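# Remarks on the overall topology
Residue strings, one per chain:
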Amino acid sequence: MSQYLLETVWLVPGYALLGGLLALPWSPGIIRRTGPRPAGYVNLITTFLAFLHSAIAFTATWNHPAKEVFIPWLSTAGLNLTINLELSSITVGALVVITGLNFLAQVYAVGYMEMDWGWGRFYSLLGFFEAGLCALALCNNLFFSYVVLEILTLGTYLLVGLWFSQPLVVTGARDAFLTKRVGDLFLLMGVLGLWTLAGTWDYQDLATWAQTAKVDPTIITLVCLALIAGPMGKCAQFPLHLWLDEAMEGPIPSTILRNSVVVASGAWVLIKLQPVFSLSPIASTTMIAIGAVTAVGGSLIAIAQIDIKRCLSYSVSAYMGLVFIAVGTQQNEAALLLVLTHALSAALLVMSTGGIIWNSITQDVTQLGGLWSRRPISGLAFIVGTLGLIAFPPLGSFWALLKLVDGIWANHPWLVGIIIAVNALTAFSLTREFSLIFGGKPKQMSERSPEAIWLMVLPMMILFGFVLHVPIVLESLSLLPSWTTLQKDVALLLIWSSIFGVSISAVIYLGNIPKPITLPWKGLQNLLAYDFYTPKLYKVTIIFGVAQLSKLADIVDRFVVDGIVNFVGLFSLLGGESLKYSNSGQTQFYAFTVLVGVAVLGAWATWPFWSVQFMNLVF
């Protein structure tokens, strides 16, 4: 049975796609008598079947070689496009994570969006999104991975813009779409450029080609930089990181997926292309630099935010920066562990804060407080999510970060310092958010804020258990790093950085220190609070440049293109009017007109010959 399910696991994206299509009739209100709820139930069933199929198939892939499935798509003019799917323990395991998290998010959405008018459209888009993520996980071809990433970009735009009657939602959806499109444009250039060098788009063939490739260093560097730009946008890396913050205007259930597996879609492609990046030291160094800047900058910015969603979104960008560092230093196993542990912990953090947003008046953490006595389950979930995201043994991220720093300790010791600092800043930021929300005394905005309904608490508790049991699952699959071969000193540094970050933050925000906390230098505080002034930098550079180019194009269109067309039209009109009044009805007049026209045309055609004869006669 499990072997049959493994051979047909490539059909898993079809479950979600089928659920999304079946939910469409409830979206525009074609079916009204039943209300929109059946759309959610249909998607819940299809997603659960997809999870069940993937989980059973995963047991058949372990300790077995990967299999490939080829689906012919297009063959013309020497171009053969075949959809190549890889069935391995890594790809099928990714299906289990994606479908499992989406199922929990859909159950969560049943409670969160109970009275929402966009229920049918929301569940249809979730099915569409899940299908794209599952297809990306199985895809073994760069070109089709790019196609799927484009579909996910569209899905992000539609999900963020679900409540399109609100101006901020429209702006957020637009900015998220356009920011990701910048990276996608460069990614397409890299995809096409890589084809001219390698002659293939299959990841395994690219890895084989990269082992013996002899290419021009400048060309391969430009191609690799273009390939990095796409994942930069997907993983919300500087300077293409603002879209994740803007996307927080969407519903919380979609944020569960976006903060966990959607941002990891770019990292997945990045890991697949790592053999190609190894051909260009400049590209690898650039990747490390981007990851380091985003990890440190995102962690610092998160500390200065007061919106619940923004605090979490910048922590996500920072963590994805660590994935960039892992891929740039060729630590692929550590990168995969980081993606897995982050997905589960980030989803749990969003679930725990989503209930607060659901039945509270404000999302400002400075106006909340004292919710521990009213929301103990959400508080526990936030604590476990925080510990699962930092280097706190024995939870998952401790092993992922330890494997990363152990792999780069010998060659990049300065990066170890950055990772330790980012871990301490992340611990500080998340502890600060917990203290402001759950610690202290109840305030006016949080006096009446009971625990969420069971439909939101149940998936949170299930994920709570998964985060706690990640080390046991990894150990049973022999995926945990061997403690005997790891650097014990580095492990202690990671643990102490977590303790330091949590302790300092708890002392500041749970103690009697007057709040709000202000830094001695106001300029530094504003620098962090306003995202290093990146939005203003966008306005004076990219937005201003695009606006000026648009004005120039408008002027050219109005006065040049339209001017030529209008002149031709006016000339035709005047010519027609003049001919209308010159008509006499006499045949000899028409013949004379034709004769004059032929004579003028003949003189124009033979003018070069007559001009030469005239010059010879004169000289």
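Reference entry: report on the structure contained in this document. Nothing here was measured: the structure is a model prediction, and the numbers come from that model. (Residues numbered from 1 in each chain as written. Predicted model: local features only at pLDDT ≥ 70, side-chain atom pairs only at ≥ 80, totals over all residues. Heavy atoms only, no water.)

With that settled, consider helix H18 (residues 396-408). With 13 residues, H18 should cover 18 Å at 1.5 Å per step; its first-to-last C-alpha distance of 19 Å lies within 8% of that length. Across the 13 residues that make up H18, a large majority, 10, are buried. Every buried residue belonging to H18 is among Gly396, Ser397, Phe398, Trp399, Ala400, Leu401, Leu402, Leu404, Val405 and Ile408, and all of these are buried. Along its buried surface, H18 packs onto helix H15 (308-328), helix H16 (332-358), helix H17 (376-389), helix H19 (413-438), helix H20 (454-476) and helix H21 (488-510). (Helix = DSSP H or I, 4+ residues; strand = E, 2+ residues; numbered from the N terminus. Expected span 1.5 Å × (residues − 1). Buried < 20%, exposed > 50% of the residue type's maximum accessible area, 1.4 Å probe, protein only. Contact = heavy atoms within 4.5 Å.)

A few words now on the side chain of Asn423. Note that Asn423 resides in helix H19. Classification of Asn423 as buried rests on a relative accessible area of 4%. Reaching out from Asn423, the side chain makes a polar contact with the side chain of Ser497 at a distance of 2.7 Å. A polar side-chain atom of Asn423 sits 2.8 Å from a polar atom in the side chain of Ser498. For Asn423, the contacting residues outside a window of four places in its chain are Ile390, Ala391, Leu401, Leu494, Ser497 and Ser498. (Polar contact = N/O pair within 3.5 Å; in protein donor to acceptor, adjacent residues only side chain to side chain.)

Now for the packing of H16 against H17. Interaxial distance between H16 and H17 falls to 8 Å at its minimum, and their mutual angle equals 155 degrees. With respect to their mutual orientation, H16 and H17 come out roughly antiparallel. Of the two elements, H16 crosses H17, and the hand of that crossing is left-handed. For the pair formed by H16 and H17, the contact residues are Thr341, His342, Ser345, Leu348, Leu349, Ser352 and Thr353 on the first element and Ser378, Ala381, Phe382, Val384, Gly385, Thr386, Gly388 and Leu389 on the second. Of the residues that constitute the contact of H16 with H17, the class distribution is 6 nonpolar, 9 polar and no charged. (Axes fitted to C-alpha atoms, helices over the stretch in contact; angles between N-to-C directions. Parallel < 35°, antiparallel > 145°, perpendicular 65-115°, else oblique. Left-handed = near helix turned anticlockwise from the far one by under 90°. Nonpolar A, V, L, I, M, F, W, Y, C, P; charged D, E, K, R; others polar.)

With respect to the helices, strands and loops of the structure, Pro275 is situated in helix H13 (residues 274-277). Along the sequence, Pro275 and Ser317 sit 42 residues apart, while their C-alpha atoms lie 24 Å from each other. Residues within four places of Pro275 in sequence aside, it is in contact with Ala207 and Ala210.

With that out of the way, let us pick up unusual backbone geometry. In this structure, the amide linkage connecting Pro393 to the following residue, Pro394, adopts the cis form with an omega of 5 degrees. Even without glycine at this site, Gln330 takes up a positive phi of about 65 degrees. A relative accessible area of 48% means that Gln330 is categorised as partly exposed.

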